[in-house]
Amino acid sequence: MGHTRDTNNNENNNIYYSSLFNKYKERIVGKKFGERIKAVGECKQEEQYSLLTYEQQDKLFKELLCLK
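Residues numbered from 1 in each chain as written. Predicted model: local features only at pLDDT ≥ 70, side-chain atom pairs only at ≥ 80, totals over all residues. Heavy atoms only, no water.

**A word on the nonpolar core**
Here is step 1: The biggest cluster of nonpolar side chains holds 14 residues, and the ones touching the most others in it are Tyr-24, Ile-28, Leu-52, Leu-60 and Leu-64.
Here is step 2: Secondary structure elements with two or more residues in this core: helix H1 (2-28), helix H2 (33-44) and helix H4 (54-65).
Here is step 3: Per-element accounting of this core gives the leading share, five residues, to H1.
Here is step 4: The contacts of Leu-64, once residues within four sequence positions are left out, are Phe-21, Tyr-24, Lys-25, Ile-28, Arg-36 and Val-40. (Core = buried A, V, L, I, M, F, W, Y, C linked by side-chain atoms within 4.5 Å. Buried < 20%, exposed > 50% of the residue type's maximum accessible area, 1.4 Å probe, protein only. Helix = DSSP H or I, 4+ residues; strand = E, 2+ residues; numbered from the N terminus. Contact = heavy atoms within 4.5 Å.)

**What to know about the packing of aromatic side chains**
Here is step 1: On inspection of all chains with the given rule, the structure shows one aromatic pair.
Here is step 2: Considering the side-chain rings of Tyr-24 and Tyr-49, the 6.5 Å spacing of their centres and the 45° angle between planes classify their relative orientation as tilted. Separated by 25 residues along the polypeptide, Tyr-24 in helix H1 and Tyr-49 in helix H3 (residues 47-50) bring together distant segments of the chain. Of the two residues examined, Tyr-24 and Tyr-49, each falls in the buried class.
Here is step 3: We note Lys-44 situated over the ring of Phe-61; from NZ or CZ to the ring centre the distance is 4.6 Å. (Phe/Tyr/Trp six-rings, centres within 6.5 Å; stacked < 30°, edge-to-face > 60°. Lys NZ or Arg CZ within 6 Å of the ring centre and 35° of its normal.)

**Points about the environment of Asn-14**
Here is step 1: Assignment of secondary structure puts Asn-14 in helix H1.
Here is step 2: Separated by 42 residues in the primary sequence, Asn-14 and Gln-56 place their C-alpha atoms 9.5 Å from one another.

**Thoughts on the pattern of salt bridges**
Here is step 1: Summed over all chains, the structure comprises three salt bridges.
Here is step 2: A salt bridge links Lys-23 to Glu-46; its shortest N-O distance comes to 3.3 Å. Within this pair, whereas Lys-23 is found in helix H1, its partner Glu-46 is found in the loop between H2 and H3, the two being separated by 23 residues in sequence.
Here is step 3: On the basis of relative accessibility, which here comes to 30%, the residue Lys-23 falls in the partly exposed class.
Here is step 4: A salt bridge links Glu-46 to Arg-27, with the nearest nitrogen and oxygen atoms 2.7 Å apart. Of this pair, Glu-46 sits in the loop between H2 and H3 while Arg-27 sits in helix H1; the two residues are 19 residues apart in sequence, bridging distant segments of the chain.
Here is step 5: Owing to a relative accessible area of 30%, Arg-27 belongs among the partly exposed residues under this scheme. (Salt bridge = Lys/Arg side-chain N within 4 Å of Asp/Glu carboxyl O.)

Set out below in structure tokens:
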């Protein structure tokens with residue numbers, strides 16, 4: 001049973017991550033690099049961002065900066 005709970009928790013984390021990515025992506029797409037850095041910095045101040053693990057925060061930060 002523990003495996004199922006871990007799997008469900010991981011799926012929930014992935015869904016949460018994806019929803020934050022899409023939310024932040026809307027704020028960043030089409031902006032110049034400097035504007036993207038500022039927008040990502042603002043996202044990082046939100047409580048939702050702080051609920052991610054450090055690994056997820058790092059991954060999200062990198063993915064957002066690489067958007068065009």
